[in-house]
Number of protein chains: 2
Amino acid sequence: MENYKHFLVLLIFAFAVGFVSVVLVLRWVLSFREGLGWDGGPTEFNWHPVLVVIGFIFLQGIAIVVYRLPWTWKCSKLMMKMIHAGLNTLALVLAAVSLVAVFDFHNAADLPNMYSLHSWVGLAAVILYSLQIVLGVGVYLLPISPAYLRAALMPIHVYSGLFIFTCVIATALMGITEKLIFSLKDPKYKDSPPEAVFVNVLGVLIAVFGGLILWIATRPSWRRPSEEHLRRVQGRDPELESSKPAAAMSDRPDPEASKDARRRGKTEESGGAA
Amino acid sequence: MENYKHFLVLLIFAFAVGFVSVVLVLRWVLSFREGLGWDGGPTEFNWHPVLVVIGFIFLQGIAIVVYRLPWTWKCSKLMMKMIHAGLNTLALVLAAVSLVAVFDFHNAADLPNMYSLHSWVGLAAVILYSLQIVLGVGVYLLPISPAYLRAALMPIHVYSGLFIFTCVIATALMGITEKLIFSLKDPKYKDSPPEAVFVNVLGVLIAVFGGLILWIATRPSWRRPSEEHLRRVQGRDPELESSKPAAAMSDRPDPEASKDARRRGKTEESGGAA
């Protein structure tokens, strides 16, 4: 299945770039900087980039594409929603701890908080991400919201998820810029010492990871098939079934399936990004 | 037509935010900085943010959504392609001049070029944007490429356009961060003088403009209708016709129209973002 191979190659590439980014951010703070600690000093600050790259970027990226992994199409939609919500919640917890680290560091060094564009966009992203998770759980995970509301809010849920993810990556690039200017004194950032080049490469990899996740998340043909389709092929392998492009991997929604669902008073959510 | 009103409100909001960003960047360099000039000094550098915000952000944003303006659906696809390509080319010229300004400034002040993450991502964006325009003109404007190639490359053309636009905005936010750290000495950026707050607000507006353009460009129901549909309603007002959701504003492509087009050896491109 050519399309499936294409998906797999891009997915493996995205995960590899994300994993290398995590390795590079660890190497940055452990080899070029002061290491990790929790004493209000630079070692505490260093948790900030580490936890952001691991949680707010890598884990959030996985959470975004998790519905699209064909081997999860055997799992129930409820289980996938719980994995999606769980990964995002874990990412939020790591992002929150990363904020505590930087506030602690600023307060201990008597530096003001929240003055930079990095901090403004970053805090906005954390607040929007919290709202996204609370609303996502309330609307899609708890069995309380009506079908029409779930369907109406899905494009906004998908778009705001991708927009927040993009804002987080832009904020990380600003953070790298700030940190290299403030930390590199002799030689300076403009003299391109090895640390500057190393961390610039980390920034480029983060941007590439974001671009790959956004591409995977926005291909209509890689969307999780409708629950109707999966029920029809129950007992068979969804990966094999997905080789039928007119059904599982179609760009078009299945209007009959949607009508059926509406008749039963429940509408399928799109299962990840549209 | 509720959907049309929704589109109009968002479009006007996006244009207002983009226009205010242009006003703010002009006020920044004219009131807070040294003004504009072309002498290798700071006044020449100041063309860099001004031309990036006007051309690479505001004009590119308009170029991205230009197919989606319902009042342009009366115009031929060829004319719209020329407007789309023309706006993007103008944006590229302004971006190129903005690069000359910053290289001139660096060389005159004996500052190294291309050391920062801002410069790496920014130059990559300019190179990718040039390639995007050359390939876009070659594949979609010149009548030389076969229909299957136009159709196959359209998702990549649309995605890479939106990805480059997003990279430009992320680069602008890094540029603002750099410039405020380097320029504000007494008081410093961390002391939040009026210029720091003013330019942070500019950065937030640029991010909001990007978010609005990406939302408008990715709503399937706001896509330019197929040429088949527009030909069918020739002589009538496309804006009125677009109120028929099953035809003009449908999320689904019209498979019959595509088949007809293929039979005639030409396939409709999707007309802007998918």
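Residues numbered from 1 in each chain as written. Chains lettered and ligands numbered in written order. Predicted model: local features only at pLDDT ≥ 70, side-chain atom pairs only at ≥ 80, totals over all residues. Heavy atoms only, no water.

With that settled, the discussion passes to the overall build of chain A. Across its full length, chain A carries ten helices and zero strands. What you see in chain A, going N to C, is helices and strands ordered as α-α-α-α-α-α-α-α-α-α. Every one of the 274 residues in chain A was classed for burial, and the buried ones make up 55%. Of the contacts made within chain A by residues no fewer than 6 positions apart, 75% connect residues no fewer than 24 positions apart. (Helix = DSSP H or I, 4+ residues; strand = E, 2+ residues; numbered from the N terminus. Buried < 20%, exposed > 50% of the residue type's maximum accessible area, 1.4 Å probe, protein only. Contact = heavy atoms within 4.5 Å.)

The next subject is helix H6 (residues 147-183) of chain A. All names here are of chain A. A rise of 1.5 Å per residue sets the reference length of H6, with its 37 residues, at 54 Å; its end C-alpha atoms lie 52 Å apart and thus fit the reference within 8%. The axis of H6 is deflected most strongly, by about 40°, at Leu153, and proline Pro155 appears within four residues downstream. Burial runs high along H6: 28 of the 37 residues are buried. (Expected span 1.5 Å × (residues − 1). Bend = angle between axes of the 7 residues up to and from the residue.)

When chain A is brought onto chain B, the operation consists of a screw motion whose angular component is 180° and whose axial shift is 0.0 Å, with 0.0 Å RMSD remaining. In short, the pair behaves as if placed about a two-fold rotation axis. (Least-squares fit on C-alpha atoms with pLDDT ≥ 70 in both.)

Another aspect to go through is the packing of aromatic side chains. With the rule as written, the count across this model stands at 20 aromatic pairs over all chains. With a centroid separation of 5.1 Å and 75° between ring planes, the pair formed by Phe7 of chain B and Trp222 of chain B is classed as edge-to-face. Of this pair, Phe7 of chain B sits in helix H1 (residues 2-32) while Trp222 of chain B is found in the loop between helix H7 (194-217) and helix H8 (227-232), placing the two residues 215 residues apart along the sequence. We note that Phe7 of chain B, like Trp222 of chain B, is buried. Between Phe32 of chain B and Phe198 of chain B, the ring centres sit 5.0 Å apart and the planes meet at 45°, which makes this aromatic pair tilted. Pair noted here: Phe32 of chain B is in helix H1 and Phe198 of chain B is in helix H7, with a separation of 166 residues, a long-range link. Within the aromatic cluster, the residues linked to one another by ring pairs are Phe15, Phe58, Phe165 and Phe209 of chain A. Stacked on the ring of Trp215 of chain A, the Lys or Arg Arg219 of chain A has its end atom at 3.7 Å from the ring centre. (Phe/Tyr/Trp six-rings, centres within 6.5 Å; stacked < 30°, edge-to-face > 60°. Lys NZ or Arg CZ within 6 Å of the ring centre and 35° of its normal.)

Moving on, we come to the interface of chain A and chain B. Counting residues at the interface gives 36 residues for chain A, matched by 36 residues for chain B. For the pairing of chain A and chain B, the buried interface totals around 3200 Å² over both sides, and the portion due to carbon and sulfur atoms is 80%. Its largest share of buried area at the contact with chain B, chain A owes to Tyr115, Leu117 and Tyr159 of chain A, together 20% of the area lost on that side. Applying the counting criterion to the chain A and chain B interface returns zero salt bridges. Between chain A and chain B we count ten residue pairs in polar contact (both at pLDDT 80 or more) in total. (Buried area = accessible area lost by both parts, 1.4 Å probe. Salt bridge = Lys/Arg side-chain N within 4 Å of Asp/Glu carboxyl O. Polar contact = N/O pair within 3.5 Å; in protein donor to acceptor, adjacent residues only side chain to side chain.)

Inspection of every chain in the model, using the stated rule, returns ten salt bridges over all chains. Lys190 of chain A is the partner of Asp191 of chain A in a salt bridge, and the nearest nitrogen-oxygen pair spans 3.8 Å. A salt bridge links Arg33 of chain B to Glu195 of chain B; the shortest N-O distance between them is 2.8 Å. Separated by 162 residues along the polypeptide, Arg33 of chain B in the loop between H1 and helix H2 (42-45) and Glu195 of chain B in helix H7 bring together distant segments of the chain. By relative accessible area, Glu195 of chain B is classed as buried at 7%.

Taken together, the side chains of Lys185 and Lys188 of chain A together with Lys185 and Lys188 of chain B make up a positively charged region of the molecular surface. Along the chain, the position of Lys185 of chain B falls in the loop between helix H6 (147-183) and H7. (Patch = residues over 30% accessible without salt bridge, like charges linked within 9 Å, V, L, I, M, F, W, Y side chains within 5 Å. Areas by Shrake-Rupley, 256 points an atom, 1.4 Å probe, with all protein chains shown as cover. Lys, Arg positive; Asp, Glu negative; His and termini not counted. Charge placed at Lys NZ, Arg CZ, Asp CG, Glu CD.)

Okay, the nonpolar core next. Counting 145 residues, the largest nonpolar core has Ile57 and Ile216 of chain A together with Ile57 and Ile216 of chain B as the members making the most contacts within it. In this structure Ile57 of chain B touches Val52, Phe165, Val168, Ile169, Ala172, Ile206 and Phe209 of chain B, once residues within four positions along its chain are discounted. (Core = buried A, V, L, I, M, F, W, Y, C linked by side-chain atoms within 4.5 Å.)

Another aspect to go through is the packing of helix H5 (residues 117-141) of chain A against H6 of chain A. Residue and element names in this part refer to chain A. It is at 9 Å that the axes of H5 and H6 come closest, and there the two elements cross at 155°. For the element pair H5 / H6, the angle class is roughly antiparallel. Both H5 and H6 take part in a crossing whose hand is left-handed. Split by residue class, the contact of H5 with H6 holds 13 nonpolar, nine polar and two charged. (Axes fitted to C-alpha atoms, helices over the stretch in contact; angles between N-to-C directions. Parallel < 35°, antiparallel > 145°, perpendicular 65-115°, else oblique. Left-handed = near helix turned anticlockwise from the far one by under 90°. Nonpolar A, V, L, I, M, F, W, Y, C, P; charged D, E, K, R; others polar.)

Our focus in this paragraph is the state of the cysteines. Across all of its chains, the model carries zero disulfides over all chains by this definition. As a non-bridged cysteine, Cys167 of chain B has Cys167 of chain A as the owner of its nearest cysteine sulfur, 13 Å distant. Residue classification places Cys167 of chain B among the buried positions, given a relative accessible area of 15%. (Disulfide = S-S within 2.5 Å.)

On to unusual backbone geometry. Of note, the amide linkage connecting Asp186 of chain A to Pro187 of chain A takes the cis form, showing an omega dihedral of 5°. Of note, Pro187 of chain A is situated in the loop between H6 and helix H7 (194-217).

This brings us to the confidence of the model for chain A. All names here are of chain A. Mean pLDDT over chain A: 88, with 84% of residues reaching 70 or higher. Low pLDDT (under 50) marks residues 240-274, which in the prediction has 70 contacts with non-local residues, meaning those over four places away or in another chain. Both scores are given for the predicted complex: the pTM is 0.89, the ipTM 0.88. (pLDDT = per-residue confidence, 0-100.)

All names here are of chain B. Note that Asn46 resides in the loop between H2 and helix H3 (47-65). In terms of polar contacts, Asn46 uses its side chain to reach the side chain of Glu34, at 3.0 Å. In this view, Asn46 contacts Val29, Arg33, Glu34, Gly35 and Leu36; residues no more than four positions away in its chain are not counted.

This part takes up the packing of helix H4 (residues 77-108) of chain B against helix H5 (residues 117-141) of chain B. Residues and elements named next belong to chain B. Their axes nearest at 10 Å, the elements H4 and H5 cross at an angle of 155°. Judged on the interaxial angle alone, H5 and H4 are roughly antiparallel. Where H4 crosses over H5, the handedness of that crossing is left-handed. Between H4 and H5, the residues in contact are Leu78, Lys81, Met82, Ala85, Asn88, Thr89, Ala91, Leu92 and Leu99 and Leu123, Val126, Tyr129, Ser130, Ile133, Val137, Tyr140 and Leu141, respectively. Partitioning the contact of H4 with H5 into residue classes produces 13 nonpolar, three polar and one charged.

A contiguous nonpolar surface patch, about 330 Å² in accessible area, is contributed by Trp38, Val93, Val97 and Val100 of chain A. Inspection of the secondary structure assignment puts Val97 of chain A in helix H4 (residues 77-108).

What follows concerns the environment of Ser21 of chain A. Residue and element names in this part refer to chain A. As for its position among the elements, Ser21 is in helix H1 (residues 2-32). A C-alpha to C-alpha distance of 5.9 Å links Ser21 and Leu202, two positions 181 residues apart in sequence. Those residues in contact with Ser21, other than ones at most four positions away along the chain, are Val53, Leu202, Leu205 and Ile206.

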